[in-house]
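# Per-entry structural report
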Amino acid sequence: MSSKSGNVYGLTLLCPIIDDPGAIPSHDLQIRAHLAKLSLGPDSPFAVAPGTHLARLVVLDDVIYVGAPSCEEHLNSKYLVFESNCDGDRDSYLTGLARKIPDALDAIWSHCVGYPDDGARNIPAFLQYMKRCEIETTFFFAPVNDKTRTQTLVALRNKAYIAHFIASHQGKPPAEIQRNIGALYARLKSLPDPEPAAIQVSRKMATGGRNE
Amino acid sequence: MSKLNASDIQGFSLRGYNLPFARFLFLHFTNAEKGRLLLTRLLPLITTGQLWDKKPDATLNIAFTHRGLVALELPLATLISFPPEFQLGMKARGTILGDVGLNAPDHWDKVWREDHVHVWLAINAQSPEALTTCFTQMQTLLEETGGATLLDFQDAGAIPIDGQFTTKEHFGYTDGFGNPDYLGVCRDTQPGQGKLMPGGTWAPLATGELLLGYADEAGELPVAPVPHLFASNGTFMVYRKLHENVGTFREFLNESGKRYGTGDDKTKEKLAAKIVGRWRDGTPVELSPDAPDAAIVNDPNRNVDFMFGQDLAGTRCPVGAHIRRTNPRDAFGFDGRLVHRRRISRRGLPYGPVAPPEDQPVDPRELDQADRGIVFMALNASLSRQFEFVQQQWISYGNDAHLGNEKDLLIGHHGEGERFGIQGDTTAANPPFFCSNLPNFVELRGGDYFFIPSITALGMLAMNLVDPR
Amino acid sequence: MSNINGKVYAMNVITPMKPSKTWILRLIFWVLGVWKPAQADLIQLKFIQFARWVIVPAGSFPYLGGRQRKDAMRYDYLFFFSNFNGTWNQYIDAFSAVLSDGLNKIWRWSEKFPGSVPVTPFKNYITSVQYDTDYYFSAYPQATVNDVEAAHLVNIAFESLCTTASSQTPEQFAQSYLQFVIASQSHLGATGEAPAVF
C-alpha cells in the first residue's frame, strides 16, 4: 500500500540480529554500544548520505507481555528496527546510502543475519537483503511531504535571513528595500546547500517523573 | 457532580477576595511538634470559602511547601506521593520554566535563594490597620507557640488612582480578567470564562482542574497525594515575585510607539494593547482593535467574551499577545479542547511603591530599580500540566502558536537576537510591526510551589493524623 | 541513545493483536488512507512530522535462514512509530482530548488496551508498551512541523516577490512588499533550542 506519501517514502525494516552465544558481548549489545557512540551531527552517516529527513534505529529485544489474560510469548530472535522517512523510493534511497556510507552501514548491519559478506559495496546483494527485511507500511502519515530534505534545509535557512531582513528594514524607504532585497535574493541563491543536522540542539533533561 | 463544601475549602482557593491590602508571611517550622501546636492555634482563624454577608476586616490563609510538610514529619508514603514537581520545588524546576539568566536564583531575594520556606501565611485586609492587627496577632502566636520563625514577609496591595483602588499593575494595565469558571464554585459567572462548547456557548470547567478530589476535564480524578482525605479540597499554588522594570517598559513604549503605525500620540497605547491583547484600560483587543471601549470593559458579560477563531491571522489580536498565549481559546481549533486542561486561576497583587504618572519625567533606571512588581499567584490542580506547561510551551516558546521560538514580549526572558511580531494589514494604522532587541520588562525575584490544604487536611496536619493507608 | 533529538520525539509502540481482529484494523487503515476527511483532525493537530503504523502478522517476522530460529508468533503485532513535536505528556493529552475515537478505532484491537479516555490509564498502557530508541537522526532537529511549513510558505512568497521586484517602480514594489510581509508575518518565528524536557 502506501509507504509513499507525496515525495516522502516510509521505509520500515525489521532485520534479525545474529544470535551467537560465542559472541561476547552479544551482537545486539554490540549494535547498541555502537549506536550509542554514533554521531547525530553533520558527520552522522545519515547526514552525509542523501535523502534522510528523520530516521531511527531500535534494537528490539523482545515483544512485551501486556499481562493476563493475554498470552505470554517471546521472540526467538532479536531484531534491528530501522524506520526512515526519506526522499525517493526504497531502492534509490538505499542505493544512495550504499554508495556514500558503506562502512557505516556495515558497522551496524554486519551484526544481522543474512547481510551480504562483502557488505554494502555489493549493491545488488545489499538491496536484495534490505528488500527481504522490509515490512510493508500499513498506514503512513506525512503531512508535510512535498519537499526534499535539501529543499527543506534551504527553506529553513532562507527563512532566517528573510525574517531578519524584514525586521531590519522596517520603516526604510521602498527604493532601498527593493535594492537590498534583490541583493538578498542573489545572495541566498549563491549559498551552498546547508549541511544536514548541522544545527545541533543541546539536550536539556529536567525530567521529574511520570513523563518522557 | 458533588456539591462543594465551602466550609472545608480555604477561601483563597475559591476566589479572589478583592481586599486592597495584603501581607504574605514566610515561616520556617522550629520542629514538628511545635509546628503542629502553631497549626492548632491557627486552624480556627483560617478563612474558609463560605460566602460572607459582610466582608471581614482581614482574612487568613495558609499553604505549605513540600519541605514544610517534610518538616512536619508527615509519613513518607504521603510525602513521596506528591507530584514530582511539587517535591522538587520551583527553584529546581528552573530549567523547565526558563528561569535562567536574569531570572536565575542568584538574582532572587534572600528568602527565596535559601531553601527554608515552609509556610506561606497570607493576610488580606480592608485597611492597613486591620492588616497590622492581624499581623500582630500572628507574631504573638509565633512567640507563644515557638512553632515557627518568620523568615520574611512580602507586602502587596491594590494600586490606588485618584483615591480609588484599582486592579491596575505597575505597567499601567488593568489586570484581573480571565479567571476560569469551575463547576460548583459559586461566583459570578461570565460568558467567556469557562470552556467553549460546540455551538458557541460557555460552560464551567470541571472542578478537578482546580481542586483535588473532583473529576477533571480528562474524565478522571487528578493525580493527588495519599490519603484522599488529605488531598481533597486542596490545590497547588505557584508563587512568583515578578519585578517590573517600569522605566524600561515606558522607554520601550515611547520609543517603539513613535515608529509604530502612524506614529501619533495614540499609537503608543495601541502598541501597549497589541503586546498584551488588552488595551491598558482592559478592553479586549479582539473585540475592539482600534480603540479602548469603556462600554465593553465595564460590562462583565462582554469583557471576557471573545474568541480568536475569526482572527487566526492575528491582525486584530496578535498571535503572540500575552493573553492569547496564556489562553488561546479556540485558536488551535477543536473548539478549544486543547486548552481546557491548561487553565490557571490567578490571585496576584502588585507590590511596591506606586510609580509616578507617565507624564512626569523620571530617570528610567531609577524607575527600574525601585522594588516594585507583581506578586504572581496561580492555582491549579496540576502544576506540571497547567502552570509549568503554559510557562514553558506558551510563554517561553511559540511553536503551538506557529511562532517558532518566539516568546511572550511582556514576561518572557529575552536573549540576544529575539524578535516579537505584531501582525497587521494594509491600513496605515494597523501595519505589520516587528520589535527587535527586546528588553526584559519582568524579572523573577523568587518564589516556590505550595500546597493549599483543605480545612480537614489542616486539622490532620495539626493533630498529626495523616495516615497514608 | 535517546528518544529525543532537538524538537522531535521518536515514539515506538508495539502491541499484540489477536489475528482474528487484524483484518478490521487493515480495513480501518484503508479507509483512513482513501477518505481524506478522516485525516483532517490528525493534520490539524500540527505536531506530527511523520507517523506510521505497520502490521506485522504472526508468521511474518523476517526469516533469513542460516542459524536464525524462525519466529512463529501467536499474536499479530502492531508497530507504531511517531515523530512528533512537543512533550510526551502534551502529545498523549492532545490525542486523548480530541482524537480519542480515532485512537480507539486503531488500538482497541490490541490486547489490554484500556481506551484513550481517561488519560492516565492510557498513559500507563503506552508506558508499558513503549520501546526506547537507540539512535534517532533528524536532518533538522531545530525545526518543528510548523517551522518547516512556515519556511516553505515564506520562501514561496519571497520567490514570488523577488521575481517581479526588478521590473517594478518603487511605489509598485512598496505595495508588493507590504503584501509579502502580510503573507509572511505570522510565519517568521526563529528556530532553535527546544524547551527542556519535563
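Let's shift gears to the overall build of chain A. The number of helices and strands found in chain A is seven helices and five strands. The secondary structure elements of chain A, listed N-terminal to C-terminal, are β-β-α-α-β-β-α-α-α-β-α-α. Over its C-alpha atoms chain A spans a radius of gyration of 22 Å, topping by over 25% the 17 Å that the globule rule assigns to 212 residues. Counting only C-alpha atoms and orienting by the principal axes, one finds that chain A spans roughly 75 × 45 × 35 Å. Sorting the 212 residues of chain A into buried and exposed places 42% on the buried side. Relative to all contacts within chain A whose residues are 6 or more apart in sequence, the contacts with residues 24 or more apart total 74%.

This part takes up the overall build of chain C. Secondary structure assignment for chain C yields seven helices and six strands. Over its C-alpha trace chain C gives a radius of gyration of 22 Å, far above what one expects of a compact globule, namely 16 Å for 198 residues. Each principal axis of the C-alpha atoms in chain C carries an extent, and together these give about 75 × 40 × 35 Å. Considering chain C as a whole, with its 198 residues, one finds that 52% of them fall into the buried category. Long-range contacts, defined here as pairs at least 24 residues apart, represent 73% of the contacts in chain C between residues at least 6 apart.

Once that is clear, we can look at the interface of chain B and chain C. Each partner contributes residues to the interface: chain B has 35 residues there, and chain C has 31 residues. Looking at the side of chain B that touches chain C, the elements with two or more residues in it are α6 (94–97) and α15 (384–395) of chain B. A total of six residues in the side of chain B that touches chain C trace back to one element, the largest contributor, which is α15 of chain B. Across the side of chain B that touches chain C, the residue classes tally to 10 nonpolar, 17 polar and eight charged.

Okay, the interface of chain A and chain C next. Taken together, the 81 residues of chain A in the interface contact 84 residues of chain C. A total of 11 residues in the side of chain A that touches chain C trace back to one element, the largest contributor, which is helix α6 (residues 149–168) of chain A. Classifying every residue of the side of chain A that touches chain C by side-chain character gives 48 nonpolar, 22 polar and 11 charged. Pairing geometry for strand β5 (residues 139–141) of chain A and strand β3 (residues 48–56) of chain C, over three bridges, is antiparallel. Pairing of F140 of chain A across the sheet is with R52 of chain C, part of β3 of chain C.

Looking now at the sheet that holds strand β6 (residues 135–138) of chain C. Sheet architecture is open: five strands sit in the order β1(A)-β2(A)-β4(A)-β3(A)-β6(C), paired in antiparallel fashion. Of all strands in the sheet, those with a lone pairing partner are β1 (4–5) of chain A together with β6 of chain C, marking the two edges. Sheet topology places strand β2 (residues 8–16) of chain A next to strand β4 (residues 79–87) of chain A; nine bridges connect them, and they run antiparallel. Looking at the pairing, V8 of chain A lines up with D87 of chain A of β4 of chain A.

Residues and elements named next belong to chain C. Their axes nearest at 10 Å, the elements helix α3 (residues 88–98) and helix α5 (residues 119–129) cross at an angle of 130°. Relative to α5, α3 is oriented oblique. Regarding α3 and α5, the two cross each other, and that crossing is right-handed. Note on element contacts: α5 touches α3 through V119, F122, K123 and I126, opposite I92, D93 and S96. Its residues assigned to classes, the contact of α3 with α5 comprises four nonpolar, one polar and two charged.

The domain architecture assigned to chain C consists of domain 1 (4–61 + 71–131) and domain 2 (145–184). Averaged C-alpha coordinates put domain 1 of chain C and domain 2 of chain C at centres separated by 39 Å.

Before going further, it helps to spend a moment on the nonpolar core. Grouped together as the largest cluster of nonpolar side chains are 232 residues, with contacts concentrated most on L14, C15 and L80 of chain A together with W120, M237 and F450 of chain B. Beyond its immediate stretch of four places on either side in the chain, W120 of chain B contacts F24, F26, I62, A63, Y239 and F450 of chain B.

Let us now look at the domain arrangement of chain A. Assigned domains of chain A: these are domain 1 (4–133) and domain 2 (149–190). Here the C-alpha centre of domain 2 of chain A lies 40 Å away from the C-alpha centre of domain 1 of chain A.

The next thing to look at is the packing of helix α2 (residues 32–42) of chain B against helix α16 (residues 455–462) of chain B. Residues and elements named next belong to chain B. Between α2 and α16, whose axes approach to 8 Å, the crossing angle comes to 140°. Crossing geometry of α2 relative to α16 is assigned as left-handed. Here R36, L39 and T40 of α2 lie close against α16, whose contacting residues are L458, L461 and A462. Taken together, the residues of the contact of α2 with α16 sort by class into four nonpolar, one polar and one charged.

Residues and elements named next belong to chain B. Here α16 has its buried residues at A457, L458, M460 and L461. Along the long axis of α16, the arc covered by the buried residues comes to 160°, so they all point the same way. Summarising the contacts, the buried residues of α16 are in contact with α2 and α9 (228–231). In the stretch just after α16, N464 is the one whose phi turns positive, near 55°.

This part is about the environment of D71 of chain C. Structurally, the position occupied by D71 of chain C is in the loop between β3 and β4 (76–85). Sequence separation of D71 of chain C and A58 of chain C is 13 residues, and the distance between their C-alpha atoms is 8.2 Å. Each residue touching D71 of chain C, except ones within four places of it in the same chain, is listed here: L75, N76 and S77 of chain A together with F61 of chain C.

Let us look at unusual backbone geometry. Residues A68 of chain A and P69 of chain A are joined by a peptide bond in cis, for which omega reads 5°. Here the amide bond leading from V117 of chain C into P118 of chain C is cis, since omega sits at -5°, within 30 degrees of zero. Examined against the element boundaries, P118 of chain C turns out to sit in the loop between α4 (100–107) and α5. The phi dihedral of F334 of chain B falls on the positive side, at around 55°, and the residue is not glycine.

Our focus in this paragraph is the environment of W23 of chain C. Topologically, W23 of chain C is positioned in helix α1 (residues 19–34). Put simply, W23 of chain C and W109 of chain C are 86 residues apart on the chain and 10.0 Å apart in space, counted from C-alpha to C-alpha.

Before going further, it helps to spend a moment on the pairing of strand β12 (residues 373–380) of chain B. All names here are of chain B. Counting buried residues in β12 gives seven out of eight residues, a clear majority hidden from the surface. Bridge count between strand β10 (residues 345–346) and β12: two bridges; the pairing is antiparallel. Along β12, the bridge assignment pairs S345 with L379. Here three bridges tie strand β11 (residues 349–351) to β12, and the two strands are oriented antiparallel to one another. Each residue of the ladder has a partner; that of P350, found in β12, is I374.

Relative to the helices and strands, L79 of chain B is located in helix α4 (residues 76–79). Distance from L79 of chain B to R67 of chain B, taken between C-alpha atoms, is 9.3 Å for residues 12 residues apart in sequence.

The next thing to look at is helix α10 (residues 246–259) of chain B. Residues and elements named next belong to chain B. Here α10 contains 14 residues, and its C-alpha end-to-end distance of 20 Å stays within 8% of the 20 Å for a straight helix at 1.5 Å per residue. Within the sequence span of α10, burial applies to V246, G247, F249, F252 and L253. Elements in contact with the buried residues of α10: β9 (235–244), α11 (267–276) and α14 (364–369). Backbone geometry just after α10 places G261 at a positive phi near 60°.

A word on the confidence of the model for chain C. For chain C, per-residue confidence averages 94 on the pLDDT scale, and residues scoring 70 or more make up 100% of the total. Reported for the predicted complex are a pTM of 0.96 and an ipTM of 0.95.

Bringing the pairing of strand β15 (residues 442–452) of chain B into the picture now. Residue and element names in this part refer to chain B. With 10 of its 11 residues buried, β15 lies for the most part within the structure. Both β9 and β15 contribute to a ladder of nine bridges, which runs antiparallel. Pairing of R240 across the sheet is with G447, part of β15.

Cut-offs applied
- Residues numbered from 1 in each chain as written.
- Chains lettered and ligands numbered in written order.
- Predicted model: local features only at pLDDT ≥ 70, side-chain atom pairs only at ≥ 80, totals over all residues.
- Helix = DSSP H or I, 4+ residues; strand = E, 2+ residues; numbered from the N terminus.
- Rg over C-alpha atoms; globule rule 2.2 N^0.38 Å.
- Buried ≥ 20, exposed ≤ 12 C-beta atoms within 10 Å, placed from the backbone.
- Contact = placed C-beta atoms within 7 Å.
- Nonpolar A, V, L, I, M, F, W, Y, C, P; charged D, E, K, R; others polar.
- Pairing = 2+ DSSP bridges.
- Axes fitted to C-alpha atoms, helices over the stretch in contact; angles between N-to-C directions.
- Parallel < 35°, antiparallel > 145°, perpendicular 65-115°, else oblique.
- Left-handed = near helix turned anticlockwise from the far one by under 90°.
- Domains from an automatic or database assignment.
- Core = buried A, V, L, I, M, F, W, Y, C linked by C-beta atoms within 7 Å.
- Arc of directions from axis to C-beta.
- Expected span 1.5 Å × (residues − 1).
- pLDDT = per-residue confidence, 0-100.

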